[in-house]
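Residue-level structure breakdown
Below, each chain spelled out in residue letters.
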Amino acid sequence: MRNILCNILNPVSADRIEFLPRHVISIEQGIIQSIIPAEAQELTDVEDFSDCLALPGFIDLHVHLSQYRMRGLYEPALLPWLNKYVFPEEARSAETGYATDLAKQFYQALCQAGTTTSIIYTAPSEAACEAAFAVAEEIGIRAMIGMTMMDQNSPAGLVQSTTKSLDTSFALYERWHGKNPLLDYIFTPRFAPTCSMELMKEVSRFAYDHNSWIQTHLSENTDELAWVKDLFGLNSYTEVYEKAGLLTPHSIFGHAIHLTNIELSMLKANEAKLAHCPDSNFYLKSGEYPMQRILEAGIEFGLGSDVGAGTTLNMLHHAKMMNFRQSSLSVMPANALYHITLGSARLLGMESRIGSINAGKDADIVLLKPPVGYPISEQSLSQLVFFGNEFEVKHTMVAGRVVHNQTD
Ligand code: GUN
Ligand code: FE
């Protein structure tokens, strides 16, 4: 049993966070047993984190593990950036040694940033994906991981035949689905331009039969849209995915910027989910996420770092960007925090296990210390969202297991 004395900032809804000063979180066998005011009990055997805020571990809904080392290599616009930097770097992960070292570095950085759950794309090779799972299991991180699928319009080192891409993905699913309670497979066709209709339809069929998750990119960049129109005809980008059967309640679409109201209705009707990646969208000048329209359409979304187009794994940075990257909509701190915690847990159907600090949930917790001279109070939430990078991540745990511990 661990007893942690701390100050809890706990998401309750999309616009409300509760503040519980000086409470003791008791954890046993990875589960939160109780949360009790410190004054209400005898303080024996308590670890003193009273100078820290406790939050549920952060959730990153969209991140490319194999792109971690090419962050910051700049090329304006998505397609030239993919060709110049992303594809050559992803090709390196076909080598198990490289992919393993990279995965270790990546997860260590995730844990240091307080992220406990991430939805991951790996490079399009079995070695890259297998290494990402193996290291995730060793470290104890919570993740859904998928091998990026590309069977057309891709460079020679990365493209796989339709059969090879499908068979490898199915084999990875069989190997990793249900093996470890913290891990699952997610089917990952990269985006329509590099995926044949046949490949996408087969993914849809398998995912439907197995009730499994799917992720891809949607409507990020206007040149990409024109390319999709050229390749597939049809009325819209979203219609390509609808025709392929990829619009499902277990599908997460990254970006979703240039969408018509008809496309929003299609996404809503199919209960599809979105990963909003504001940092990436302004890095690549992809455009502004139509947040107001998406809220009005009632489509669920959460935040993604989109590393390597995103510049950091720190989800507090992306919470800030959620506000900064809206030219007129003010995103309140509680709402920004919701989209890296409880909101994304709900979107993933994992609310009973993660997303907030409550008795009965798994102990996915991050402990953060404010800069010197900044008192801990209800207002810490706002400061955390706007300069979270200055708070020290002291301690991160996933299902009670310590994955990061910064001792002075
Ligand atoms: N669209 C297709 N592939 C990618 C990728 O790797 N990153 C981003 N940001 N968009 C993509
Ligand atoms: Fe992406």
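Keep in mind it's a predicted model, so treat the numbers as computed, not measured.

The subject of this paragraph is the coordination of the iron ion (ligand 2). Protein-derived ligands of the iron ion (ligand 2) are His 62 (NE2), His 64 (NE2), His 217 (NE2) and Asp 306 (OD), with the metal-ligand distances lying across 2.1 to 2.3 Å. Expressed as a motif, the donor residue spacing for the iron ion (ligand 2) is H-x1-H-x152-H-x88-D. With a gap of 153 residues between them, His 64 in strand E5 (residues 58-64) and His 217 in strand E9 (residues 213-218) connect regions that are remote in the sequence. Since its relative accessible area comes to 3%, His 64 is described here as buried. When its relative accessible area of 6% is taken as the criterion, His 217 is described as buried.

All residues adjacent to ligand 1 are His 64, Gln 67, Leu 78, Trp 81, Leu 82, Arg 190, Phe 191, His 217, Glu 220, His 255, Asp 306 and Ala 309. A distance of 2.8 Å is found between an oxygen atom of ligand 1 and a side-chain nitrogen or oxygen belonging to Gln 67. Contacts to ligand 1 include Asp 306, whose side-chain N or O atom sits 2.8 Å from a nitrogen atom. Taken by itself ligand 1 offers 280 Å² of open surface, and the protein chains cover 100% of this. If one sorts the elements of the shell around ligand 1 by residue count, helix H1 (residues 78-92) sits on top with three residues.

Mapped onto the fold, Ile 294 is located in helix H10 (residues 291-297). Residue Ile 294 is classed as buried on the basis of its relative accessible area, which comes to 0%. In contact with Ile 294, not counting residues within four places along its chain, are Ala 256, Leu 264, Leu 274, Tyr 289, Ile 299 and Phe 301.

Our next topic: the packing of aromatic side chains. Applying the stated criterion to the full structure yields 17 aromatic pairs. Between Phe 170 and Phe 187 the ring centres are 6.0 Å apart and the planes differ by 65°, which places this aromatic pair in the edge-to-face class. Taken together, the positions of Phe 170 in helix H4 (residues 162-176) and Phe 187 in strand E8 (residues 183-189) put the pair 17 residues apart, joining distant regions of the chain. For Phe 170, a relative accessible area of 14% gives the class buried.

With that settled, consider unusual backbone geometry. Along the chain, Val 307 connects to Gly 308 via a cis peptide bond; the corresponding omega equals 5°. For Gly 308, the location among the structural elements is in the loop between strand E12 (301-303) and helix H11 (315-324). Look at Ala 399: it is not a glycine, yet its phi comes out positive at around 45°. Within the element layout of this structure, Ala 399 appears in the loop between strand E14 (392-398) and strand E15 (401-405).

Cut-offs and rules
- Residues numbered from 1 in each chain as written.
- Chains lettered and ligands numbered in written order.
- Predicted model: local features only at pLDDT ≥ 70, side-chain atom pairs only at ≥ 80, totals over all residues.
- Heavy atoms only, no water.
- Donors = N, O, S within 2.8 Å, 3.2 Å for Na, K, Ca; no water.
- Helix = DSSP H or I, 4+ residues; strand = E, 2+ residues; numbered from the N terminus.
- Buried < 20%, exposed > 50% of the residue type's maximum accessible area, 1.4 Å probe, protein only.
- Near = heavy atom within 4 Å.
- Polar contact = N/O pair within 3.5 Å; in protein donor to acceptor, adjacent residues only side chain to side chain.
- Areas by Shrake-Rupley, 256 points an atom, 1.4 Å probe, with all protein chains shown as cover.
- Contact = heavy atoms within 4.5 Å.
- Phe/Tyr/Trp six-rings, centres within 6.5 Å; stacked < 30°, edge-to-face > 60°.

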